[in-house]
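Below, each chain spelled out in residue letters.
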Amino acid sequence: MTTTPLTTPPAEPVTPLFFDTHCHVDYIVRNGRPLNDVVADAAAVGWMVNPGTCIAQLPDVLAVAEQVPHIYAAAAIHPTDVADQPADWQAHLHAAMAHPKVVAVGETGLDYYRPEQQAPGNQALQRDCLETHLDLARQYNKPVIIHDREAHADVQAILRNHPGVVGVMHCFSGDLAFAMAMIELGYYISFAGNVTFKNATTLQHAAQQVPLERLLIETDAPFLSPMPHRGTPNSPDRVALVGQFIAGLRSMPVDELATVTTQNAKRLFKI
Ligand SMILES: [Zn+2]
Ligand SMILES: [Zn+2]
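Since we're looking at a predicted model, the values are computed, not measured.

Asks: Would you mind going over the overall build of the chain with me for this structure?
Replies: Of regular secondary structure, the chain possesses ten helices and eight strands. The globule rule puts the C-alpha radius of gyration for 271 residues at 18 Å, and the 18 Å found for the chain is close to it. A principal-axis box enclosing the C-alpha atoms of the chain has dimensions of 65 × 40 × 35 Å. Taken over 271 residues, the chain has a buried fraction of 54%. Counting only contacts in the chain whose residues sit at least 6 apart along the sequence, the fraction spanning at least 24 positions is 71%. Just so you have it, the chain exposes about 12,200 Å², and 55% of that area is on carbon and sulfur atoms. Looking at charge distribution, the chain has the averaged site of its 17 positive side-chain charges lying 4 Å from that of its 27 negative ones.

See below:
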């Protein structure tokens, strides 16, 4: 057993800077990392939103938010999970909307990436489910967290049919024109670690050009670690790497980017 020598100086206090608008802290904890360690590692992250993905794991998401004051929650069915939900999933989401730490409906959206999601029946179910989530967002006056993988046109068409609902395009994967179209509908654009990948030039162009007042950053941890950690499990502290990278693209100080993206996230999530 090792003990910390008394001569070790206290860790430098870190001023919380970053808002990680999308991290699955509940996944990281289920994968075996203690919640206290995840939070301690992310001392520079002053705010996080932990989105839900299915009814079975929603209690974990809420428990994380109940234990950590600066972690907020969202509740929804992830598009790749729509086929596996209990019949009363909507009742669970309605109940979650009353929870004081639930700041959004999310994550919902469309994911046409994997073969099983390319079956017409599954895609129709995903679209139905997204519409239900958008109605829920309107009913409870909460923003939505949109997951869009290989489904830009359908996402855009459905969001356009729900004017007045606002939210965030999480882990944005389109080009600048698509980002601007989403901003026009009232959405924020959130970039994740994939913006740092070498071949992501279209994404980098969008991250450089979107209006600063609509820009957000996230990790999507434990997925999508930014460079130089690509391929390893991600964690919320690495939102700093995403922020540094985008600050570099925009030739602005990282502190300023952190401040503005935090203000944006607080405005969106009403924190
Ligand atoms: Zn997602
Ligand atoms: Zn996610």
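Asks: In this structure, what is going on with the layout of surface pockets? I would like to understand it.
Replies: Take a probe with the size of a water molecule and roll it over the atoms, and the empty space left behind shows itself. Taken as a whole, the largest pocket holds about 660 Å³ of empty space. Breaking the lining of the largest pocket down by element, the ones donating at least two residues are β4 (102-111), β5 (144-149) and α8 (201-209). If you tally residues by element for the lining of the largest pocket, the top one is β5, at three residues. Grouping the amino acids of the lining of the largest pocket by side-chain chemistry returns eight nonpolar, eleven polar and eight charged.

Asks: I keep staring at the packing of α8 against helix α9 (residues 239-249) and nothing clicks. Help me out?
Replies: Running from amino to carboxyl end, α8 crosses α9 at an angle of 75 degrees, the nearest separation of the two axes being 8 Å. With respect to their mutual orientation, α8 and α9 come out roughly perpendicular. Two secondary-structure elements touch here, α8 through Gln204, Ala207 and Gln208 and α9 through Phe245, Ile246 and Leu249. For the contact of α8 with α9, the class distribution of residues is four nonpolar, two polar and no charged.

Asks: Hey, could you run me through the coordination of the zinc ion (ligand 2) in this one?
Replies: The protein atoms that coordinate the zinc ion (ligand 2) are His22 (NE2), His24 (NE2), Glu107 (OE) and Asp220 (OD), at distances of 2.0 to 2.6 Å. Written as a sequence motif, the donor residues of the zinc ion (ligand 2) are H-x1-H-x82-E-x112-D. Here the zinc ion (ligand 2) and the zinc ion (ligand 1) are spaced 3.3 Å apart, with glutamate 107 acting as a shared donor. A relative accessible area of 1% places histidine 22 in the buried class.

About the criteria used
Per-chain numbering applies: the sequence of each chain, read as written, is numbered from 1 onward. Lettering for chains starts from A, numbering for ligands starts from 1, and both go in the order in which the items are written. Where totals are concerned, whole chains, interfaces and linings use all residues; where local detail is concerned, this predicted model gives features only for residues with pLDDT of at least 70, and gives and counts side-chain atom pairs only at 80 or more. Processing note: side-chain calculations cover all non-hydrogen atoms of the structure and skip hydrogens and water entirely. Helix and strand assignments follow DSSP, with helices taken as H or I runs no shorter than four residues and strands as E runs no shorter than two, numbered in order from the N terminus. Radius of gyration means the value over C-alpha atoms here, while the globule rule gives 2.2 Å times the residue count to the 0.38 power. Remark: exposure states derive from per-residue accessible area (1.4 Å probe, protein chains only) relative to the maximum for the residue type, with buried under 20%, exposed over 50%, and partly exposed in between. Contact definition: two residues touch when any of their heavy atoms are within 4.5 Å. Note on areas: Shrake-Rupley with a 1.4 Å probe; residue coverage comes only from the protein chains shown. For the purpose of charge, His is not counted, nor are the chain termini; Lys and Arg are scored as positive and Asp and Glu as negative. The location of each charge is read from NZ of Lys, CZ of Arg, CG of Asp or CD of Glu. In this analysis the probe radius is 1.4 Å and the grid spacing 1 Å, with only protein atoms considered; a cavity is a set of points the probe fits into but cannot get out of, a pocket is an open set with protein on both sides within 12 Å along at least five of seven lines, and lining residues have an atom within 4 Å of a point. Grid points are joined across faces, edges and corners, and a volume is the space filled by probe spheres set on the points. Only Asp, Glu, Lys and Arg are considered charged in this grouping, and only Ala, Val, Leu, Ile, Met, Phe, Trp, Tyr, Cys and Pro are considered nonpolar; every other residue, Gly among them, is considered polar. Convention adopted: a line fitted to C-alpha atoms gives each axis, helices being fitted over their contacting stretch, and angles between N-to-C directions are expressed from 0 to 180 degrees. Each angle is binned into one of four classes, with values under 35 degrees roughly parallel, values over 145 roughly antiparallel, values of 65 to 115 roughly perpendicular, and all other values oblique. Any N, O or S atom lying within 2.8 Å of the metal counts as a donor, and for Na, K and Ca the limit rises to 3.2 Å; water is left out, so some sites can look incomplete.

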